[in-house]
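Residue strings, one per chain:
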Amino acid sequence: MQTGILFFIFITVVLVGVVLRILPRFLHPCVVDSDTVYHLLVAERVRENRFRLPQFVQGFILQTPYTYPPLYHYLLALMPRRLRESAEPYMGALIDTLHAVSIFLFCFWADWFADLSSGWQVQLVPVLAMFVFLTYPALLNAVPLRVYQGTPRPLGEWLFSTAMFSLGIYIAQGNSIWFISAVLAAALLLLCSKFGAQAFLFTSTFMAVWMNKPNLLLLMPLAIVTATLISKGHYLKVLWGQIQHSIFYQRYIIKSHPVKERNQLSDLLHLPKDLFLNPKKAFQILYEKNTFSALIIRNPYLLLAGYFLLLSPSALLSEFRFLFGWVLGCIFAFVVTSLRPFLFLGEAERYVEYAVPAISVLIPAFLFEYGNKTSWLIGLVIFLYSLAFAVGNHFLIFRKCSKQKREELDTLVRWLIRIQKTQRILPIPAHFLGRILVKETHHQALFFSDNLSEKYLSGEEFLRVFPQYPFPSEDFEYLASQYQIDLIVCEKQSMLQAAKRGLMYDFSSWSLIFENGEYAVYQRTSNLER
């Protein structure tokens, strides 16, 4: 294939991927995401601290040590606040695009396609791999808000991919430089993403067995040592914090967290009836509450990969064995974390997102190697489905934030900023409002900043403060006396959700001092300095 034509296809694919990621933020510019708010807040604290990592993130009444992986926060802190917040909506698009280009380059370095029948196929596979990656449904999913979030998630997935591709080339070529590259990328992953660290632990362990290479079991320990050296010992605090938070989550948070409602047999038993009588509920079960149906909905290319294996089971032993192991390792993590005892390890279907680069390479390679008319037709249908999925997510499924709601949030923030004396605020719900009030005002919020540990907050006290996380207790008198609360700030629309969880908030002994269409502020005392 001529270089000019290949370059044109390459640029077109990149532009399609960028547009699919930037367009949602243009369509919904008023989106405010809790996780994004947190990461921007910590980046500002790092910058204020002269690029030294803070021991605690100031502003949260429930103080817990800062033990979140710091790499993404440090990178954000390198930018001035105005530039950082302007760039935030597009960070994911930029990182995913660089991720796609790295897939393109690794395809050439790996030299996995020498057996294809013609040179133009060898050149086209990397471009099609980019195309599959950039249009992949799971990476354009709006629930959870991947394309709306300015979080470490895309960067963590890129570092995971870099580690795995380096490992694959090391296995194929035996060059130790690639093993070192895998360890370094894995170390940076540990310093970037808690979820990515869990995914790498599952996958690297599975790969050692799958490839019959016990030395791969050294990857995680070496990555931990390297991350500790790079961070001058700080990663040990991150690791300990993650372990403690997982224990705390399993013991206490999951008792009231919506994740406990996943994969319930009763949902499946009622699904046939709900499909006719309550299609909205049925869709929610299939799309969000059941991890196995969500897996297929968001990863349709797995069906095509399964079809190829039916055509040629020997492919598992081919030069693509490593890529198959990569995919199966992530599916193994998905299966384990779909089981009720392991739901605390995060959304199970997200583990399969880490297999997307491997699937993106396998699909075009298999189409050229084993493809027939049926497989090409299936591939075309899945591509059209992927585009429909992206459109449907951002026009039909995504929970929109209206311009009016954003303006009323901004009005609330401006009003609070005018209060000169620092107030201790009880936010309802705590997860979103707590973070944004700490970030945008000088007040303190009854919430925690980071990983939880019984050393700093007992499980009994946590359940007393958040009996239905993230909603605080309805016992305002206890919270006010225990934590010296001055104000209650509540999101009006959340009151119905709180009531469904059995929380009936009574504000009769508090004075309403601010209200707009979305928010209300209640005062504990009559002496409020402005």
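Whatever comes next refers back to the structure up there.
Attention in this report is confined to the structure presented alongside it. (Residues numbered from 1 in each chain as written. Predicted model: local features only at pLDDT ≥ 70, side-chain atom pairs only at ≥ 80, totals over all residues. Heavy atoms only, no water.)

Its location among the elements puts Ser-386 in helix α18 (residues 373–397). Excluding its chain neighbours within four sequence positions, the residues that come into contact with Ser-386 are Thr-135, Pro-137 and Tyr-301. (Helix = DSSP H or I, 4+ residues; strand = E, 2+ residues; numbered from the N terminus. Contact = heavy atoms within 4.5 Å.)

With that settled, the discussion passes to helix α4 (residues 81–110). With 30 residues, α4 should cover 44 Å at 1.5 Å per step; its first-to-last C-alpha distance of 40 Å lies within 8% of that length. For α4, the principal kink sits at Glu-88 and spans about 55°; a proline, Pro-89, occurs within the next four residues. (Expected span 1.5 Å × (residues − 1). Bend = angle between axes of the 7 residues up to and from the residue.)

For the pair helix α8 (residues 194–210) and helix α15 (residues 321–338), interaxial distance at closest approach is 8 Å and the crossing angle is 130°. In terms of their interaxial angle, α8 and α15 are classed as oblique. Between α8 and α15 lies a crossing of right-handed hand. Along the contact surface, α8 presents Phe-202, Thr-203, Phe-206, Met-207 and Trp-210, while α15 presents Arg-321, Phe-322, Phe-324, Gly-325, Trp-326, Leu-328, Gly-329, Cys-330, Phe-332, Ala-333, Val-336 and Thr-337. Looking at the contact of α8 with α15 residue by residue, the classes come out as 12 nonpolar, four polar and one charged. (Axes fitted to C-alpha atoms, helices over the stretch in contact; angles between N-to-C directions. Parallel < 35°, antiparallel > 145°, perpendicular 65-115°, else oblique. Left-handed = near helix turned anticlockwise from the far one by under 90°. Nonpolar A, V, L, I, M, F, W, Y, C, P; charged D, E, K, R; others polar.)

This part is about unusual backbone geometry. The peptide bond linking Ile-428 to Pro-429 adopts the cis configuration, its omega dihedral lying at -5°. A cis amide bond links Tyr-469 with the next residue in sequence, Pro-470, at an omega value of 10°. Within the secondary structure, Pro-470 sits in the loop between α21 (459–465) and α22 (476–483). Of note in the backbone geometry, Lys-232 takes a positive phi value of approximately 55° without being a glycine. Among the structural elements, Lys-232 can be located in the loop between α9 (219–230) and α10 (234–251).

This part covers the sheet that holds strand β1 (residues 60–62). Backbone-to-backbone hydrogen bonds pair the strands of a sheet. The strands run either parallel or antiparallel. Taken in spatial order, the six strands make up an open sheet running β1-β3-β2-β4-β6-β5, and their pairing is mixed. Of all the strands in the sheet, just β1 and β5 (511–515) have a single pairing partner and so form its edges. The mean inter-strand angle of the sheet, taken between neighbouring strand axes irrespective of direction, is 35°. The pairing of strand β2 (residues 424–428) with strand β4 (residues 487–491) spans four bridges and is parallel. Across the sheet, residue Ile-425 finds its bridge partner in β4, namely Leu-487. (Pairing = 2+ DSSP bridges.)

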